[in-house]
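A structural walkthrough
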Amino acid sequence: MTYRRLKHSSRNLVDQLSNLKFFNSSRSSISAGLQSRSIQTFELVKEDVCYHKHIVSRHICFLKGSGIGIPASLRGVQSNAFRIHSRNLASVATVPSRNPSFAMISCDDISYFKKILGEKGVVQEELKLDDANTDWMRKYKGSSKLMLQPRSTHEVSEILNYCNSRCLAVVPQGGNTGLVGGSVPVHDEVIISVSSMNNIISFDKVSGILVCEAGCILENLITFLDNEGYIMPLDLGAKGSCQIGGNVSTNAGGLRLIRYGSLHGSVLGLEVVLANGTVLDMLGTLRKDNTGYDLKHLFIGSEGSLGIVTKVSILTPPKLSSVNLAFLACEDYVSCQKLLSEAKRKLGEILSAFEFLDVSAMDLVLKHLDGIRDPLPSSKHNFYIVIETTGSMESHDKEKLEAFLLSSMESGLLTDGVIAQDINQASSFWRIREGIPEALMKAGAVYKYDLSLPPEKMYDVVDEMRERLGTAANVVAYGHLGDGNLHLNISAREYDDSILSQIEPFVYEWTSKQRGSISAEHGLGLMKANKIHYSKSAETVQLMGAMKKLLDPNGILNPYKVLPTSISQSGVN
């Protein structure tokens, strides 16, 4: 594989640009290929990564999602080390006691569900339940004895109406790709899987508005839209398994939030079933609607604790033809920040991703992932940046990117860099960024933190964490620099309470002092439900509790999650 290198000398870079050697004749095929081709590469990644063997491309995957849950796919690929580590998880949140007000499943309950769903819609097989009870990290495991698979909003409504009358706790589940224990039971809650609700209802080719059911796999929506000349505003490595209902319920961020914003901006309408079975039809397809409170925003990011999303209306952008990817190196974090500012100014509307990783992350990927090559092998660098541009005018985009890279090299912000010359090289660059979570899992025990911070402060917590831990653990940092989202990971040989005591509550207290968020995109789930006060005021949390009580007075929807136990269970009948 051959790369075009950015030279350290600005003179050499000028020569390259003027001679058009910086970009070869395959540039047009890169742009077209990144939008319309697939590459055969096997990926085992998650977080912005998916633990599935899929033939994938960075932009469009032509294979339809298998719909198999993450835990099921892990059976064939888990290492022995991973199994060992999963048994001793010091970082698991304290599991609250089962709420005694919740009823236990009875034979009559099973009979009722079979009556409305049929035999196939009521799952009691141990193997399938084991998958549904376990999150993808094997970190959280419930003990549910029943999974229901409704095929329509009406069936979801009937299920919830019955469960509410019986005070049977439930947990909504989509692709089960969450990271904080939000999509699996804590105890014996009934699992309501929306995976069978996977129909595309309508698509407006003029406005780009897609209406679909909650169980649609993100990858399948991407493929459908690609054929229509559009793209999803959301791109996750877990797209082969995650479902749009879960994406909305967790307000998933992903790699291109810097370009397309969050789902609060893209989602135009929802259909939601409340705890008592009431169906809220908010499935609007209008860009403008100022009639009363915009209630859909209550459910975006509520992690299924206020209602179950059954249908989604989402605005999708048109697919653009010109795509470029650069893998760059910076000497220090200050240069990374300045590079981001310059990219926003000089790349403007074509900037679609700005990711960073530090040398510790890079070293882990090169050590633990097969087939990964360092795009900048001549020397080690302290920080690496992945920049993607997406536009519609090849010459215009080329001119902007060349000018930006030239000025960044001349000013010393960049120390080295490469430009992907074809789709295979682009995929290999993304593989480095997306492969970090897999490399961390292979390295041993890992404590994961998803923080939202002012970009200028993001790396300070990394430096302070390294001072606290010394040689006891390896502190690894990467994330969405363009969004101020840091993925802070502490890697150790094994889980150790002494290491955890150095991490927590320090990491939450530090984030709180910066007025940051302890959950940028992963949600709170079970892991951080009792830590919400680090990011939200007591008054705000109390109001959240009041809303929960109003919409779910019996507290049956995804209990023990999102809100502190003292609030979520107070006053439950």
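Our subject in this report is the structure included herewith. Predicted, not measured: the structure shown is a model, and the values here were computed from it. (Residues numbered from 1 in each chain as written. Predicted model: local features only at pLDDT ≥ 70, side-chain atom pairs only at ≥ 80, totals over all residues. Heavy atoms only, no water.)

**Topic: the overall build of the chain**
- Helix and strand content of the chain: 22 helices and 17 strands.
- Here the chain holds 573 residues, and 59% of them are scored as buried.
- Here the contacts in the chain between residues at least 6 apart in sequence split such that 75% fall between residues at least 24 apart.
- As displayed, the chain offers around 22,300 Å² of accessible surface, 50% of which is attributable to carbon and sulfur atoms. (Helix = DSSP H or I, 4+ residues; strand = E, 2+ residues; numbered from the N terminus. Buried < 20%, exposed > 50% of the residue type's maximum accessible area, 1.4 Å probe, protein only. Contact = heavy atoms within 4.5 Å. Areas by Shrake-Rupley, 256 points an atom, 1.4 Å probe, with all protein chains shown as cover.)

**Here we look at the pattern of salt bridges**
- Tallying each qualifying case throughout the model produces 21 salt bridges.
- With a closest N to O distance of 2.2 Å, arginine 256 and aspartate 235 form a salt bridge. One end of the pair, arginine 256, is in the loop between α9 (244–250) and α10 (257–260); the other, aspartate 235, is in the loop between α8 (218–228) and α9, and 21 residues separate them in sequence. Across this residue pair, the class does not change: arginine 256 and aspartate 235 are buried.
- Measuring nitrogen to oxygen at the nearest pair gives 3.2 Å for the salt bridge that ties glutamate 438 to lysine 442. Here lysine 442 and glutamate 438 lie together in helix α17 (residues 436–443), a separation of four residues that amounts to about one turn.
- A relative accessible area of 3% means that glutamate 438 is categorised as buried.
- Taking the relative accessible area as the measure of exposure, lysine 442 reaches 40% and is therefore partly exposed.
- One salt-bridge network, held together by shared partners, links Asp235, Lys239, Arg256 and Glu388. (Salt bridge = Lys/Arg side-chain N within 4 Å of Asp/Glu carboxyl O.)

**What to know about the nonpolar core**
- Ranked by size, the top nonpolar core spans 152 residues in total, and within it Tyr449 and Ile490 carry the most contacts.
- With six residues, strand β11 (residues 322–330) is the largest single contributor of residues to this core.
- Grouped together as the second largest cluster of nonpolar side chains are six residues, Val123, Leu129, Met147 and Val171 included. (Core = buried A, V, L, I, M, F, W, Y, C linked by side-chain atoms within 4.5 Å.)

**Digging into the pairing of strand β9 (residues 279–282)**
- Taken together, the four bridges between strand β8 (residues 267–273) and β9 define a ladder with antiparallel strand orientation. In the strand pairing of β9, leucine 270 is matched with methionine 282.
- Adjacent in sequence and paired antiparallel, β8 and β9 are bridged by five residues, among which glycine 277 carries a positive phi angle near 95 degrees. (Pairing = 2+ DSSP bridges.)

**A few points about a nonpolar patch on the surface**
- On the surface, a cluster of nonpolar side chains totalling about 340 Å² of accessible area is made up of Tyr293, Leu295 and Leu298.
- Among the structural elements, leucine 295 can be located in the loop between β9 and α12 (296–299). (Patch = residues over 30% accessible without salt bridge, like charges linked within 9 Å, V, L, I, M, F, W, Y side chains within 5 Å.)

**Considering the packing of helix α16 (residues 423–434) against α17**
- As a packed pair, α16 and α17 sit with axes 5 Å apart at the nearest point and diverge in direction by 45 degrees. Taken as axis vectors, α16 and α17 run oblique relative to one another. Across from Arg431, Ile432, Arg433 and Glu434 in α16, the residues of α17 making contact are Ile436, Pro437 and Glu438.
- The class makeup of the residues in the contact of α16 with α17 is three nonpolar, no polar and four charged. (Axes fitted to C-alpha atoms, helices over the stretch in contact; angles between N-to-C directions. Parallel < 35°, antiparallel > 145°, perpendicular 65-115°, else oblique. Nonpolar A, V, L, I, M, F, W, Y, C, P; charged D, E, K, R; others polar.)

**Focus on the pairing of strand β4 (residues 170–173)**
- Residues Val170 and Pro172 of β4 are buried on one face, and the alternating residues Val171 and Gln173, pointing to the opposite face, are buried as well.
- Direction of pairing for β4 relative to strand β5 (residues 190–193): parallel, over a ladder of four bridges. Pairing of proline 172 across the sheet is with isoleucine 192, part of β5.

**A few points about the packing of aromatic side chains**
- Applying the stated criterion across every chain yields a total of 15 aromatic pairs.
- When the centroid spacing of 5.9 Å and the interplanar angle of 70 degrees are considered together, the rings of tyrosine 112 and phenylalanine 113 count as edge-to-face.
- A residue is classified by how much of its surface remains accessible, and tyrosine 112, at 24% relative accessible area, is partly exposed.
- With relative accessibility at 0%, the residue phenylalanine 113 sits in the buried group.
- With a centroid separation of 5.5 Å and an interplanar angle of 20 degrees, the aromatic rings of tyrosine 333 and tyrosine 459 are classed as stacked. Taken as a pair, tyrosine 333 in helix α13 (residues 333–346) and tyrosine 459 in the loop between β15 (445–452) and α18 (460–469) lie far apart in primary sequence, 126 residues in all. (Phe/Tyr/Trp six-rings, centres within 6.5 Å; stacked < 30°, edge-to-face > 60°.)

**Here we look at a negative patch on the surface**
- Judged by side-chain charge, Glu456, Asp460, Asp463, Glu464 and Glu467 come together as a negatively charged surface patch.
- Mapping glutamate 467 onto the fold places it in helix α18.
- Of the residues examined, glutamate 467 reaches a relative accessible area of 70% and is grouped as exposed. (Lys, Arg positive; Asp, Glu negative; His and termini not counted. Charge placed at Lys NZ, Arg CZ, Asp CG, Glu CD.)

**Brief notes about α8**
- Regarding α8, the residues found buried are Leu218, Glu219, Leu221, Ile222, Thr223, Leu225 and Asp226.
- Glycine 229 lies just past α8 and shows a positive phi near 85 degrees.

**Brief notes about the packing of helix α14 (residues 359–368) against α17**
- As a packed pair, α14 and α17 sit with axes 9 Å apart at the nearest point and diverge in direction by 70 degrees. Compared by their axis directions, α14 and α17 come out roughly perpendicular. Contacts from Ala361, Leu364, Val365 and His368 of α14 reach α17 at Ile436, Ala439, Leu440, Lys442 and Ala443.
- Partitioning the contact of α14 with α17 into residue classes produces seven nonpolar, one polar and one charged.

**A closer look at the sheet that holds strand β3 (residues 147–148)**
- Overall, mixed pairing links the four strands, which are arranged β2-β3-β5-β4 in an open sheet. Pairing within the sheet leaves two strands with one partner each, and these edge strands are β2 (122–123) and β4.
- As defined by bridge partners, β3 adjoins β5 across two bridges and the pair is classed as parallel. Looking at β5, one finds that methionine 147 is bridged to isoleucine 191.

**Focus: helix α15 (residues 394–410)**
- In this model α15 runs 24 Å from its N-terminal to its C-terminal C-alpha over 17 residues, within 8% of the 24 Å that 1.5 Å per residue would give.
- All of the buried residues along α15 are Asp397, Lys398, Leu401, Glu402, Phe404, Leu405, Ser407, Ser408 and Met409. (Expected span 1.5 Å × (residues − 1).)

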